[in-house]
Amino acid sequence: PTPPAMPDALPDVALNPNAKIVLAKRYYRKGPDGTPQEDARALFWRIAGAIAAEEGKYKKSPYKADALAREFYDLMTGWKFLPNSPTLMNAGTDLGQLSACFVLPVGDSIEEIFDAVKHAAMIHKSGGGTGFSFSRLRPKEARVGSTGGVASGPVSFLRIFNTATEQIKQGGTRRGANMGILRIDHPDIIEFIRAKERDGEFNNFNLSVGLTEAFMKAVEADEEYDLVAPHTGQVRERLKARKVFEMLVQKAWESGDPGIVFLDRINRDNPTPKQGEIESTNPCGEQPLLPYEACNLGSINLSAFFVPGTATVPTTKDGGLPHPSPEKAIDWAELKRVIHLGVRFLDNVIDASRFPLERITETVHRNRKIGLGVMGWADLLYQLGIPYDSQEAIGLGERMMQFVQDEGRAASKVLAKERGPFPAFAESTFAERDMGPYRNATVTTIAPTGTLSIIAGCSSGIEPLFALCFSRNVMDGERLVEVNPHFEAALRDTGSHSKKLMEAVAEKGSIQAMDHLPEDLRRVYVTAMDIAPVWHLRMQAAFQKYTDNAVSKTVNLPNSASIDDIRAIYWMAYEQGCKGVTVYRDGCKAVQVLCTGEGE
Ligand code: CDP
């Protein structure tokens, strides 16, 4: 479809200083000599036009492509909604690959393994990230029939994927990100758990152990469990479940790696089990997918829906500033409108996207998964004056995500009426449960929004702020000092603002030790490290409750956290219904695969 022409009266885009740098460096289309060929207006119109143009083929659509393009443009440039990076980079270009998340199968043969390496390279080139399960590979030293030799096992093949990734830049801008998963009952699980012990090993991978319900029960009952060779189904060995669990906890304490995912739970929510089992997620863990499936994400900036100047209510017993009631201080009607437009946008992205493999196109078009999520959550809590680590924030988090989920599904139903349900709907669990019809097999996902949050100028995903004031390295050695705008405004309101104070905050990041600042101010302006780990986990669980896919969240722990603390968090994640968990102990040796706009 031909995108509508750019109108003359298109308003200009107000970019924050970081967005200027990030967009120029990575998102503007460049000419042969590397100089940008577009500005922010051209970029956002290119995207809006390309995605709205897909509307034309749906005869029952209430929108005309040019009017819809303008709505999409306003949505993005008002920093209310942004699609994932590949859509920003590639919509309306020759490349045209618009999804961030892919999962590829790794079969137990040399051909299948190297097919996966090749397909991953093609996906990375197009700007996507890939997840793999290595659980089908025969274990180390198992016999190889055709040669009479012995197999090298999942961990050694993982190294090949890692090396191949090293050489290929995503969409020509960043190195590829990968997820590698091995089931807890694979005979090579111990080697896998220890894979990142050496610094820098598997640096292009996030690793996660796939935990099963049977294993968790064995841990609880202090029993042994079976390690099964996947290619023969034979039990190879039995291990004490608690010993393996302890090792996992120990490694997570040392380096944050590997993380864990709860495979049975992910499959319990698999909307299309007739198409097979879900064995992996995308690189950052928020998007479980079938083999050869891809998903495009988009995030709503919640802080853009704050309505200033509403009357305040007294503080609750959780503490915090006297604050406005969320009922009035959040523009729910506008949020609803944006959710509906966001779902339409993401569904159109599926049609507009060109995938590097026919198999992927088929799978994506069959299920039409999208992942609408949120960012700017911590900023919204600052604006409302509600402490992140409070029951009130958890309750509002649940309510907020339930709203996004309900309205998102309602929007998907509207699209199903206009365009028909996703082709696999009849064989999906929705049909069995008499729900729907829906246009999309999944609607919601909470992404990390590493770069999107920089462009929109808000806090990332549902994470708390890392620091209230800091200097940021924005690629190529450019540094920018940044103060959280809500914090700065609150300081001015309470008459506490001074240059000296800002310098002190920039050094510490947190204000918790600054006794001279008003207590309720300190209570609201908490940062990641001020927040007890259980509150991180509770917030993740609150959002997971109303998210079809999964939630990207890191549970931050202080350097002094013990192994017991990590064990408690893992166990809580299991009990509270999370689909996985990632912990990071401050100052531990690991460098995470970057999912932020910073770094290379
Ligand atoms: O903010 P942005 O759209 O750039 O990405 P994100 O929300 O931080 O990450 C969303 C997903 O994009 C990740 O889970 C990966 O699947 C993919 N990604 C990637 O492939 N490579 C990166 N360097 C960052 C993200």
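Residues numbered from 1 in each chain as written. Predicted model: local features only at pLDDT ≥ 70, side-chain atom pairs only at ≥ 80, totals over all residues. Heavy atoms only, no water.

Undergrad: Teacher, can you tell me more about unusual backbone geometry here?
TA: Keep in mind that most residues, glycine aside, have a negative phi and that most peptide bonds are trans. Cis peptide bonds are those with omega within 30 degrees of zero, and the linkage from Asp257 to Pro258 qualifies with -5°. Inspection of the secondary structure puts Pro258 in the loop between α9 (241-255) and β10 (259-262). Cis geometry is found at the peptide bond from Gly436 to Pro437, where omega equals 5°. Structurally, Pro437 is set in the loop between α16 (429-432) and α17 (452-456). You will see that Glu141, though not glycine, has its phi angle at about 70°, which is positive. (Helix = DSSP H or I, 4+ residues; strand = E, 2+ residues; numbered from the N terminus.)

Undergrad: Please clarify how the site of the ligand should be interpreted in this entry.
TA: Near the ligand you find 21 residues, and of these Ser85, Gln170, Asn282, Glu286 and Thr449 are the closest. In this structure, Glu286 approaches the ligand through a side-chain N or O atom, which is 2.8 Å from an oxygen atom. A distance of 2.8 Å is found between an oxygen atom of the ligand and a backbone nitrogen or oxygen belonging to Gly450. Relative to its unbound accessible surface of 520 Å², the ligand loses 98% to contact with the protein. For the shell around the ligand, the class distribution of residues is 10 nonpolar, 9 polar and 2 charged. (Near = heavy atom within 4 Å. Polar contact = N/O pair within 3.5 Å; in protein donor to acceptor, adjacent residues only side chain to side chain. Areas by Shrake-Rupley, 256 points an atom, 1.4 Å probe, with all protein chains shown as cover. Nonpolar A, V, L, I, M, F, W, Y, C, P; charged D, E, K, R; others polar.)

Undergrad: Looking at this model, I keep getting lost on the side chain of Asn367. Mind explaining?
TA: When you line up the elements, Asn367 lands in helix α13 (residues 358-367). A polar atom in the side chain of Asn367 sits 2.8 Å from the side chain of Gln275. When near neighbours in sequence (up to four residues on either side) are disregarded, Asn367 contacts Thr272, Gln275, Leu290, Glu293, Phe422, Ala424, Asn440 and Ala441. (Contact = heavy atoms within 4.5 Å.)

Undergrad: Sorry, what's going on with the pattern of salt bridges here?
TA: Inspection of every chain in the model, using the stated rule, returns 44 salt bridges. For Glu398, the salt bridge is made with Lys545, and the minimal N-O distance between the two is 3.3 Å. Taken as a pair, Glu398 in helix α15 (residues 391-419) and Lys545 in the loop between α21 (533-544) and β19 (554-557) lie far apart in primary sequence, 147 residues in all. Residue Lys553 is joined to Glu463 by a salt bridge in which the shortest nitrogen-to-oxygen separation is 2.7 Å. Pair noted here: Lys553 is in the loop between α21 and β19 and Glu463 is in the loop between α17 and β17 (469-473), with a separation of 90 residues, a long-range link. (Salt bridge = Lys/Arg side-chain N within 4 Å of Asp/Glu carboxyl O.)

Undergrad: Please clarify how the nonpolar core should be interpreted in this entry.
TA: Looking at soluble globular proteins, one finds that nonpolar side chains tend to be buried together. By size, the foremost hydrophobic cluster in this structure holds 144 residues, and its most contacted members are Phe44, Phe215, Tyr225, Ile360 and Trp377. A total of 11 residues in this core trace back to one element, the largest contributor, which is helix α12 (residues 332-352). Inspection of this core shows a minimum of three residues originating in each of domain 1 (1-78) and domain 2 (101-281). Dropping the residues within four chain positions of it, Phe44 is found in contact with Val13, Leu23, Tyr73, Met76, Thr77, Trp79, Leu82 and Leu88. Core analysis: the next-biggest nonpolar cluster, separate from the first, contains 17 residues, Ala378, Cys469, Phe487 and Met502 among them. (Core = buried A, V, L, I, M, F, W, Y, C linked by side-chain atoms within 4.5 Å. Buried < 20%, exposed > 50% of the residue type's maximum accessible area, 1.4 Å probe, protein only. Domains from an automatic or database assignment.)

Undergrad: What's the story with helix α22 (residues 563-575) in this structure? I'm lost.
TA: Helical geometry: 3.6 residues make up each α-helical turn, so side chains three or four residues apart lie on a common side. When the terminal C-alpha atoms of α22 are compared, their 18 Å separation across 13 residues agrees well with the 18 Å that a helix rising 1.5 Å per residue should span. For α22, every residue scored as buried is listed here: Ile566, Ile569, Tyr570, Trp571, Met572, Ala573 and Tyr574. Just downstream of α22 lies Gly577, where phi reads positive at about 85°. (Expected span 1.5 Å × (residues − 1).)

Undergrad: Is there a simple way to think about the packing of helix α2 (residues 40-53) against α12 in this case?
TA: A pair of packed helices is captured by two measures, namely the crossing angle of their axes and the spacing between those axes. At a minimum axis separation of 8 Å, α2 and α12 run at an interaxial angle of 80°. Considering their axes alone, α2 and α12 lie roughly perpendicular with respect to each other. Listed contacts from α12 to Ile47, Ala50, Ile51 and Ala52 of α2 are Phe345, Asn348, Val349 and Ala352. Its residues assigned to classes, the contact of α2 with α12 shows 7 nonpolar, 1 polar and no charged. (Axes fitted to C-alpha atoms, helices over the stretch in contact; angles between N-to-C directions. Parallel < 35°, antiparallel > 145°, perpendicular 65-115°, else oblique.)

Undergrad: Help me out: how do you make sense of the pairing of strand β6 (residues 178-183) in this one?
TA: Both faces of the sheet carry side chains from a regular strand, because those side chains alternate between them. Among the 6 residues in β6, 5 count as buried, and that is most of the element. Summarising the sheet, strand β3 (residues 129-133) and β6 pair through 4 bridges and their orientation is parallel. Residue pairing in the sheet places Ser133 in a bridge with Ile181 of β6. Strand direction decides the pairing type here: β6 and strand β7 (residues 205-211), joined by 6 bridges, are parallel. Within β7, the residue paired with Gly180 across the bridge is Leu207. (Pairing = 2+ DSSP bridges.)

Undergrad: Help me understand the packing of aromatic side chains in this model?
TA: Any two aromatic rings considered together are summarised by their centre-to-centre distance and by the angle between their planes. Evaluated as defined, the whole model comprises 23 aromatic pairs. Taking 5.7 Å as the distance between ring centres and 75° as the angle between the ring planes, the aromatic pair formed by Phe44 and Trp79 counts as edge-to-face. Of this pair, Phe44 sits in helix α2 while Trp79 sits in the loop between α3 (65-77) and β1 (81-83), placing them 35 residues apart in sequence. Across the pair, Trp79 and Phe44 agree in class, each one buried. The interplanar angle of 75° and the centroid separation of 5.2 Å between the aromatic rings of Trp377 and Phe543 together place this pair among those described as edge-to-face. Placement of Trp377 in helix α14 (residues 377-384) and of Phe543 in helix α21 is noted, with a sequence separation of 166 residues between them. Considered together, Trp377 and Phe543 belong to a single accessibility category, that of buried residues. Clustering of aromatic rings is evident, with ring pairs tying together Phe215, Tyr225, Phe245, Phe262, Tyr570, Trp571 and Tyr574. The residue whose ring lies beneath Arg538 is Trp535, and the NZ or CZ to ring-centre distance is 4.6 Å. (Phe/Tyr/Trp six-rings, centres within 6.5 Å; stacked < 30°, edge-to-face > 60°. Lys NZ or Arg CZ within 6 Å of the ring centre and 35° of its normal.)

Undergrad: Help me understand the environment of Asn282 in this model?
TA: Mapping Asn282 onto the fold places it in the loop between β11 (280-281) and β12 (288-289). When the C-alpha positions of Asn282 and Leu104 are compared, they lie 9.5 Å apart, and in sequence the two are 178 residues distant. With residues up to four places along the chain from it excluded, the contact list for Asn282 reads Cys101, Phe102, Val103, Met179 and Gln287. Within the local environment of Asn282, its side chain forms a polar contact with the side chain of Glu286, the two groups lying 3.1 Å apart.

Undergrad: Would you take a moment to explain the pairing of β7 for this structure?
TA: Buried residues dominate β7, accounting for 7 of its 7 residues. Burial along β7 is two-sided: the face carrying Phe205, Leu207, Val209 and Leu211 and the face carrying Asn206, Ser208 and Gly210 are both buried. The pairing of β7 with β10 spans 4 bridges and is parallel. Counterpart to Val209 in the pairing with β10 is Ile260.

Undergrad: Would you mind showing me how to read the state of the cysteines here?
TA: Cysteine pairs can be covalently joined through their sulfur atoms, and such a bond is termed a disulfide. Summed over the entire model, instances satisfying the criterion amount to 0 disulfides. Here Cys101 is not disulfide-linked; the sulfur of Cys295 is the nearest cysteine sulfur, at 5.8 Å. (Disulfide = S-S within 2.5 Å.)

Undergrad: Where do I start with the confidence of the model for the chain in this structure?
TA: Parts of the model with low pLDDT should not have their predicted coordinates read in detail. Of all residues in the chain, 94% attain a pLDDT of 70 or more, and the chain-wide mean is 93. With pLDDT under 50 throughout, residues 591-600 is counted as low confidence; its partners more than four residues away or in other chains account for 27 contacts. (pLDDT = per-residue confidence, 0-100.)

Undergrad: Where do I start with the packing of α3 against α12 in this structure?
TA: As a packed pair, α3 and α12 sit with axes 11 Å apart at the nearest point and diverge in direction by 115°. Classed by the angle they form, the pair α3 and α12 counts as roughly perpendicular. The chirality of how α3 crosses α12 is left-handed. Facing Leu68, Glu71, Phe72, Leu75 and Met76 of α3, the residues of α12 in contact are Arg337, Val338, Leu341, Gly342, Arg344, Phe345 and Asn348. Residues belonging to the contact of α3 with α12 are distributed by class as follows: 7 nonpolar, 2 polar and 3 charged. (Left-handed = near helix turned anticlockwise from the far one by under 90°.)

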